[in-house]
Amino acid sequence: MEETLQELFKECKGELQSIGIDLEDKKIGKIDIHLSKRNNKRYGCCKQENPVYTTKRIEIRGHKKTIRYDRYLNHHIEISPWVMLLEKNIIKNTIMHEMIHCLPYCNNHGVEFKRYAHEINKKLGYTISRVGNKEEDFKKSNISFKQKETYHYKILCEKCKQTFYRKRISKEFTRKYRCGTCGGKFIIEYL
Ligand SMILES: [Zn+2]
Ligand SMILES: [Zn+2]
């Protein structure tokens, strides 16, 4: 899965290059991508380090003041493993979404983020949005999507994509068990 992710990341990079968004530009800094160790609800995230101090600003929301930076020099994108079970174009949408967050002034879902998303959608045929629609994305990928509140874990077979649900599972579940149908590894998602 990690290999596929690296390949798709390369593809996305190339596509951005083709429309004039050069990720080798020093202003952007370094981007790496990995599968997240834990399965999260969210599709992916981008952890940023080494802010460019001249881009510091203070955001005020109500009584809360937060220091923000508009540019960072290191970006670590993490993609949730369950995303890798979805259709290729949905995976790439997720990667692209996180890549936009690495661009200057894009580490939120503000005007600049939207501008890039719109440009990439239009020129490269993506459907990047602020948030993904899990139910729809699972349906498109022909994987059953059943999210009952009584279950805390969703277990997916990496190979045959069989899905089932559990309230509790042992810590070593993925290490101990394999899919009964095809012998594939399981991926756990915390609901
Ligand atoms: Zn985002
Ligand atoms: Zn299986």
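Every residue gets a number counted from 1 within its own chain, in the order that chain's sequence is written. Just so you know, chain letters begin at A and ligand numbers begin at 1, following the order they were written in. Side-chain atom pairs in this predicted model are given and counted only at pLDDT of 80 or more, local residue features only at pLDDT of at least 70, and totals for whole chains, interfaces and linings cover all residues.

### Regarding the sheet that holds strand E6 (residues 153-157)
Thought 1: A strand pair is defined by DSSP finding two or more bridges across the two strands. Numbered from the N terminus, helices here are DSSP runs of H or I no shorter than four residues, and strands are runs of E no shorter than two. With antiparallel pairing, the 3 strands of this open sheet are ordered in space as E7-E6-E8. Each edge of the sheet is formed by a strand with only one pairing partner; in this case those strands are strand E7 (163-166) and strand E8 (186-190). Strand-to-strand twist in this sheet, taken as the mean axis angle between neighbours without regard to direction, amounts to 25°.
Thought 2: In the sheet, E6 pairs with E8 via 5 bridges, with the strands oriented antiparallel. Directly across from Lys154, in E8, lies its bridge partner Glu189. Helix axes are fitted to C-alpha atoms over the stretch in contact, other axes to C-alpha atoms as well, and angles between N-to-C directions run from 0 to 180 degrees.

### A look at the environment of Ser170
Thought 1: Inspection of the secondary structure puts Ser170 in the loop between E7 and helix H5 (173-176).
Thought 2: Separated by 108 residues in sequence, Ser170 and Gly62 place their C-alpha atoms 43 Å apart.

### Digging into the packing of helix H1 (residues 2-18) against helix H2 (residues 88-102)
Thought 1: Packing of H1 against H2 brings their axes to within 10 Å, and their N-to-C directions diverge by 60°. Relative to H2, H1 is oriented oblique. Of the two elements, H1 crosses H2, and the hand of that crossing is right-handed. Here H1 contributes Leu8, Phe9, Glu11, Cys12 and Leu16 to the contact with H2, which in turn contributes Ile91, Lys92, Ile95, Met96 and Met99. Here roughly perpendicular refers to angles of 65 to 115 degrees, roughly parallel to angles under 35, roughly antiparallel to angles over 145, and oblique to all remaining angles. Here a crossing is taken to be left-handed if its near helix is turned anticlockwise relative to the far helix by less than a right angle, and right-handed if that turn runs clockwise. Any residue pair is listed as a contact if its two C-beta atoms, each placed from the backbone, are within 7 Å.

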